[in-house]
Amino acid sequence: SVRPFKELPGTWKNGVVTVYNFWKLDGFKNIHNIMIHNFNTFGPIYREKIGSYDSVNIINPEDAAILFKAEGHYPKRFRVEPWTSYRDYRHREYGVLLKDGEDWRSNRVVLNKEVIAPKVQGNFVPLLDEVGQDFVARIYKKIERSGQSKWTIDLQQELFKYALESVGSVLYGERFGLLQDHIDPEAKRFIDSITLMFKTTTPMLYIPPGLLRRLGSRVWREHVEAWDTIFNQADRCIQNIYRELRTSKKEDTVDQGKYPGVLANLLMMDKLSIEDIKASITELMAGGVDTTSTTLLWTLYELSRNTDLQEELRAEVLSARHSSQGDLLLMLKSVPLLKAAIKETLRLHPVAVNLQRYITEDIVMQNYLIPAGTLVQLGLYAMGRSHRIFPHPEVYRPSRWLRTESQYFRSLGFGFGPRQCLGRRIAETEMQLFLIHMLENFRIEKQSKVKVQSTFELILVPERPIVLNIRPL
Ligand code: HEM
Ligand code: 2DC
């Protein structure tokens, strides 16, 4: 017989105590490990209440399947209140990330065609490939200047620039030039603001931002400043393209058969309001920096610790380069192990600690009845490290994604279904091309044996700098 909701295990009966413990244990930075601890204590399902944040947490792929079957026609995630509060405060429109219901769907359908439909990859590849080539050229220059045969560096800042340059080139069809010698201080400010925006979100997940605003708290003020910088700079980029379209400079590029970028296409399509376009383009620009750069850094970290695997990947890339004869799309189809490596990175180092949905119907999970309207979270980080779900989870082994191990609801780094990551196509193409260029040119070596852990700054990031040696082949 099915057990009632109120019998769910967990510490949910006292939200205030949980918040207090969280604070004491520095839980905010350690949420991912607390989740593993909770699954070990309570089993594969538990309920948790941190302040007013009330959720049911699951870990098994089979339960993930049940969850996503109950997400309904308008899948709804946990609402990141600091982000909506900022927009309300500044009277700005929500983009797809924050919209819900029919408004979300009608915007998302239009954006899908320009950003994630399989056919757009052909437009992105030449742009992103050029950025990859520039990155490699920059590294050669740095190695030369170092006076050694290698460059020893924490690549985080370089990867931020690579990621922003990449997403910018796709959105605007133009280059920022961030991989040149002198970095534009405005671009640096934009990048720093995204990191600060994420960081200041975390404490406000559990304390209503409205309250913090009225108290004039520092975290809210910093959060507002960060978003202001993000929106102002995105606005400037958007205005530029808008102007180019009016003076028909952009139309000339289209006439020449060149891809004008996501924004210009959206503006010319005329299916979304300017305010809606601005809101979603800003989200894409902001969402495209820390996510891919962190995933790439983790991948290089793993490759530096697995030299045989690195050579195997290099062999795959070189052979794909040879057989594809300059056809980049074909080349991307010939690197299955490289794609598996990206999946493997997201298993051990997911960007999102969990995926969440408000379920639209009553469901039964682990023999408990969960009523419609409940917030259910799939613990991605915990799932990726569970030995019940992944044999030898501690081992970085991309080939597990190519062989017989079941993949059923196990590769969810970008989320699931119609509400999955809108930037997925950009992210995957950008990361594949980056790794191709790096493997073709350099050997990645570790500088230290120390294992690097994750820390939660809304997204999961390395807890300390990852320093690597980059050496020409
Ligand atoms: C949503 C992961 C890169 C823009 C999401 C979600 C995840 C995710 C887990 C929630 C999906 C769900 O609820 O099912 C990632 C990872 C990335 C990445 C792992 C890179 C490794 C990007 C990039 C962009 C982007 C490059 C922008 C170009 C977005 C947007 C949403 C989203 C706009 C909200 C979509 C909606 O609500 O309809 N991402 N992301 N992401 N991501 Fe990404
Ligand atoms: C954070 O408890 C932990 O892709 C919360 O590119 C639940 C939660 C809700 C939404 C998640 C968020 C977590 C992590 C960051 C995500 C976000 C949805 C989209 C966002 C996963 C798991 C992200 C990083 C977007 C951000 C775009 C933004 C900068 C405009």
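Refer to the structure presented above.
Note that the structure is predicted; figures quoted are calculated from it, not measured.

(A) Structural detail: the site of ligand 1. Around ligand 1 sit 28 residues in total, of which R77, R108, R357, R419 and C421 are the nearest. In this structure, an oxygen atom belonging to ligand 1 sits 3.0 Å away from a side-chain N or O atom of W104. At a separation of 2.8 Å, an oxygen atom of ligand 1 approaches a polar side-chain atom of R419. Those elements giving two or more residues to the shell around ligand 1 turn out to be α5 (101-115), α13 (274-287), α14 (290-305), β4 (355-358) and α19 (424-441). A per-class count over the shell around ligand 1 returns 15 nonpolar, nine polar and four charged.

(B) Expanded view of the sheet that holds strand β7 (residues 375-378). Spatial strand order, β1-β2-β7-β4: four strands in an open sheet with mixed pairing. For this open sheet the edge positions go to β1 (45-50) and β4, each flanked by a neighbour on one side alone. Averaged over neighbouring strand pairs, the angle between their axes works out to 30° when direction is ignored. As judged from the three bridges shared by strand β2 (residues 53-58) and β7, these two strands associate in the parallel manner. By the bridge assignment for β7, N57 is matched with Q377.

(C) Quick look at the sheet that holds strand β11 (residues 467-472). Taking strand neighbours across the sheet as the criterion, the three strands line up as β3-β11-β8 in an open arrangement whose pairing is antiparallel. Because the sheet does not close on itself, it has two edges, and the strands there are β3 (151-154) and β8 (442-446). Within the sheet, the average angular offset between the axes of one strand and its neighbour, ignoring direction, is 30°. In the sheet, β3 pairs with β11 via four bridges, with the strands oriented antiparallel. Paired with W151 across the bridge in β11 is I470.

(D) Layout of the pattern of salt bridges. Throughout the structure, instances matching the rule amount to 30 salt bridges. One salt bridge connects D235 with R92, and the closest N-O pair in it is separated by 3.7 Å. Of this pair, D235 sits in helix α10 (residues 218-246) while R92 sits in the loop between α4 (81-89) and α5; the two residues are 143 residues apart in sequence, bridging distant segments of the chain. Of the charged contacts, one joins E344 and R400 as a salt bridge, the two residues approaching to 3.0 Å between their closest N and O atoms. Highlighted residues: E344 in helix α17 (residues 336-348) and R400 in the loop between α18 (380-384) and α19, separated in sequence by 56 residues. Three or more residues joined by partner-sharing salt bridges are found here, namely E93, K99, D103 and D276.

(E) Focus on the packing of aromatic side chains. Taken as a whole, this structure holds 23 aromatic pairs when the rule is applied. Grouping aromatic residues by their ring pairs yields a cluster made of W83, Y86, F198, W227 and F231. Looking at K76, its charged tip hangs above the ring of Y358, at a distance of 4.5 Å from the centre. It is R87 that lies over the ring of W227; its NZ or CZ is 4.2 Å from the centre.

(F) Structural view of a nonpolar patch on the surface. There is a patch of nonpolar side chains on the surface, built from V2, V364 and L369 and spanning about 220 Å² of accessible area. Mapped onto the secondary structure, V2 falls in the segment before α1 (15-24). On the basis of relative accessibility, which here comes to 45%, the residue V2 falls in the partly exposed class.

(G) Spatial organisation of the coordination of the iron atom of ligand 1. Coordination of the iron atom of ligand 1 by the protein involves just one donor, C421 (SG), at a distance of 2.4 Å. By the secondary structure assignment, C421 is in the loop between α18 and α19.

(H) Up close: the packing of α14 against helix α15 (residues 307-324). Orientation of α14 relative to α15, taken along the N-to-C sense of each, is 110°, at an axis distance of 5 Å. Considering their axes alone, α14 and α15 lie roughly perpendicular with respect to each other. In contact with L303, S304 and R305 of α14, α15 contributes T307, L309, Q310 and L313. Residues belonging to the contact of α14 with α15 are distributed by class as follows: three nonpolar, three polar and one charged.

Rules behind the numbers
Residues numbered from 1 in each chain as written. Chains lettered and ligands numbered in written order. Predicted model: local features only at pLDDT ≥ 70, side-chain atom pairs only at ≥ 80, totals over all residues. Heavy atoms only, no water. Near = heavy atom within 4 Å. Polar contact = N/O pair within 3.5 Å; in protein donor to acceptor, adjacent residues only side chain to side chain. Helix = DSSP H or I, 4+ residues; strand = E, 2+ residues; numbered from the N terminus. Nonpolar A, V, L, I, M, F, W, Y, C, P; charged D, E, K, R; others polar. Pairing = 2+ DSSP bridges. Axes fitted to C-alpha atoms, helices over the stretch in contact; angles between N-to-C directions. Salt bridge = Lys/Arg side-chain N within 4 Å of Asp/Glu carboxyl O. Phe/Tyr/Trp six-rings, centres within 6.5 Å; stacked < 30°, edge-to-face > 60°. Lys NZ or Arg CZ within 6 Å of the ring centre and 35° of its normal. Patch = residues over 30% accessible without salt bridge, like charges linked within 9 Å, V, L, I, M, F, W, Y side chains within 5 Å. Areas by Shrake-Rupley, 256 points an atom, 1.4 Å probe, with all protein chains shown as cover. Buried < 20%, exposed > 50% of the residue type's maximum accessible area, 1.4 Å probe, protein only. Donors = N, O, S within 2.8 Å, 3.2 Å for Na, K, Ca; no water. Parallel < 35°, antiparallel > 145°, perpendicular 65-115°, else oblique. Contact = heavy atoms within 4.5 Å.

So far we have only geometry, and geometry alone does not tell us how the molecule works.
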